[in-house]
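In case you want the letters, here they are:
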Amino acid sequence: MPKVLARILDGSAIAAQIKQEVAEEVKRLAAQGVRPGLAAVLVGHVPASEIYVKSKVQTCRELGLYSDLLTPPDTVTTEDMLDVVRGLNDRDDIDGILVQLPLPRQVETKVLLDAVLPDKDVDGFHPVNAGRLQAGRPALAPCTPAGIIEILKRSDLPIAGQHAVVVGRSDIVGKPMAMLLLHENATVTICHSKTRDLGAVTREADILVAAIGRPGFVTPEMVKPGATIVDVGINRISTREEFDRYFAGNAKRLAGFEKRGSTIVGDVHPAAYELAGAYTPVPGGVGPLTIAMLMSNTVRAAKMRRGL
Ligand code: GUN
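Since we're looking at a predicted model, the values are computed, not measured.

### Digging into the pairing of strand β8 (residues 228–231)
1) Next: Residues T228 and V230 line one face of β8 and the alternating positions I229 and D231 line the opposite face, and both faces are buried.
2) Next: Note that strand β7 (residues 207–210) and β8 share 4 bridges and pair parallel. For V209, the partnering residue across the bridge sits in β8 and is V230.

### Some words on the domain arrangement of the protein
1) Next: The domain boundaries assigned to the protein delineate domain 1 (33–118) and domain 2 (141–287).
2) Next: The straight-line distance from the C-alpha centre of domain 1 to that of domain 2 is 28 Å.

### Focus on the sheet that holds strand β4 (residues 96–99)
1) Next: Spatial strand order, β3-β2-β4: 3 strands in an open sheet with parallel pairing. Each edge of the open sheet is held by one strand with a lone partner, namely β3 (66–70) and β4. Each strand axis lies, on average, 15° off the axis of its neighbour in the sheet, ignoring direction.
2) Next: Relative to β4, strand β2 (residues 37–41) is paired through 4 bridges, and the arrangement is parallel. Note on β4: the bridge partner recorded for A40 is L98.
3) Next: Across the sheet, helix α3 (residues 78–90) touches β2, β3 and β4, and the angle it forms with β4 is around 160°.
4) Next: Relative to β2, helix α12 (residues 287–305) is tilted by about 125°, and along the sheet it contacts β2 and β4.

### Structural notes on empty space enclosed by the protein
Regions of empty space are outlined by a rolling probe, equal in size to a water molecule, passed over the atoms.
1) Next: Taken as a whole, this structure holds 1 cavity of 30 Å³ or more when the rule is applied.
2) Next: In this structure, the largest cavity spans a volume of roughly 50 Å³.
3) Next: If you go around the largest cavity, the residues you meet are I97, L98, V99, L113, V116, D121, D123, F125 and H126.
4) Next: Per-element accounting of the lining of the largest cavity gives the leading share, 3 residues, to β4.
5) Next: For the lining of the largest cavity, a count of residues per class yields 6 nonpolar, 1 polar and 2 charged.

### Concerning the nonpolar core
1) Next: V22, L65, I148, L152, L181, V209 and M295 are the most contacted members of the largest nonpolar core, which totals 54 residues.
2) Next: Of all the elements in the fold, those that place two or more residues in this core are α1 (11–31), β2, α2 (47–63), α6 (143–154), β5 (163–167), α7 (174–183), β7 and α12.
3) Next: Ranked by the residues each element gives to this core, the list is headed by α12, at 8 residues.
4) Next: When residues of this core are sorted by domain, at least three fall in each of domain 1 (33–118) and domain 2 (141–287).
5) Next: Aside from chain neighbours lying at most four places away, what touches I148 is M177, V209, V230, V232 and V286.
6) Next: Core analysis: the second largest hydrophobic core is formed by 20 residues, V218, A272, Y273 and A276 among them.

### What about the packing of α6 against α7?
1) Next: As a packed pair, α6 and α7 sit with axes 9 Å apart at the nearest point and diverge in direction by 40°. Judged by the angle between their axes, α6 and α7 are oblique. Handedness of the crossing formed by α6 with α7: right-handed. From α6, P145, A146, I148, I149 and L152 reach across to α7, where they touch P176, M177, L180 and L181.
2) Next: Of the residues assigned to the contact of α6 with α7, the class counts are 9 nonpolar, no polar and no charged.

The rules behind each value
Residues numbered from 1 in each chain as written. Predicted model: local features only at pLDDT ≥ 70, side-chain atom pairs only at ≥ 80, totals over all residues. Heavy atoms only, no water. Buried < 20%, exposed > 50% of the residue type's maximum accessible area, 1.4 Å probe, protein only. Helix = DSSP H or I, 4+ residues; strand = E, 2+ residues; numbered from the N terminus. Pairing = 2+ DSSP bridges. Domains from an automatic or database assignment. Axes fitted to C-alpha atoms, helices over the stretch in contact; angles between N-to-C directions. Contact = heavy atoms within 4.5 Å. 1 Å grid on protein atoms, 1.4 Å probe; cavity = no way out; pocket = protein on both sides within 12 Å on 5 of 7 lines; lining within 4 Å. Points joined across faces, edges and corners; volume = space filled by probe spheres on them. Nonpolar A, V, L, I, M, F, W, Y, C, P; charged D, E, K, R; others polar. Core = buried A, V, L, I, M, F, W, Y, C linked by side-chain atoms within 4.5 Å. Parallel < 35°, antiparallel > 145°, perpendicular 65-115°, else oblique. Left-handed = near helix turned anticlockwise from the far one by under 90°.

Right under this line is the structure:
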């Protein structure tokens, strides 16, 4: 039987399109004297967080949003952080507040996230927004799952009536992903580490979302041929043994791996992509959408706060 090549879902192109739309909306708002503003709080020196936040602030600049970067030291206390967040809640030039995670151990993350004004919670992490989302009310939804819906819709992939299987039940991706898919009329199953015969469940998926945080966790025998695979994982691997497990024979990847000493693998084993009808690659699939949706959420928050 001739092999049909899986369609690669280009997250970078879709993110570029969304950012373009956001930039146009920012221009329209400027004509009304409104400039959406995002405050990013980056604690200490976590290298990955520094890269993400830099990229978020840079994207604000590119799209014409106002941004403010706050950088408390890694010795900061929960009380200090509460003061920072409350200050941002009160500022009229700030529409969106982003507290980059993870926070140092001594800071109580949930206490802090609960202190962000729900209407400025552009990450969609506040329980009020989780509740609004599940109740089907207008809500700021977490950026990564919201971006995945955009990928599916803008790629003309059907959601309604499809069996969507979400592997992973985090508050940031898995749970809100399931809720957004349900609102799009998918039949949704949530799986996790305790799911019995996980492969039997994932093989039923028309849309398979992998958000477990374990490299190459979804293997070919777990995939129904022709399924849409959405790979949320970003796992850095740095040994040659790991490299060969996922990318043996991939000369282009090997060149990058040897140059940088590491590469990124998703939660889906690359061999499983070959069975898919369509899939999001890593990198360049889901990742770029997270920042695009953060910008979109900030503009939305700015408009909601002004009743526009
Ligand atoms: N850390 C990793 N991903 C995210 C995210 O989407 N938002 C925040 N605030 N922190 C993160």
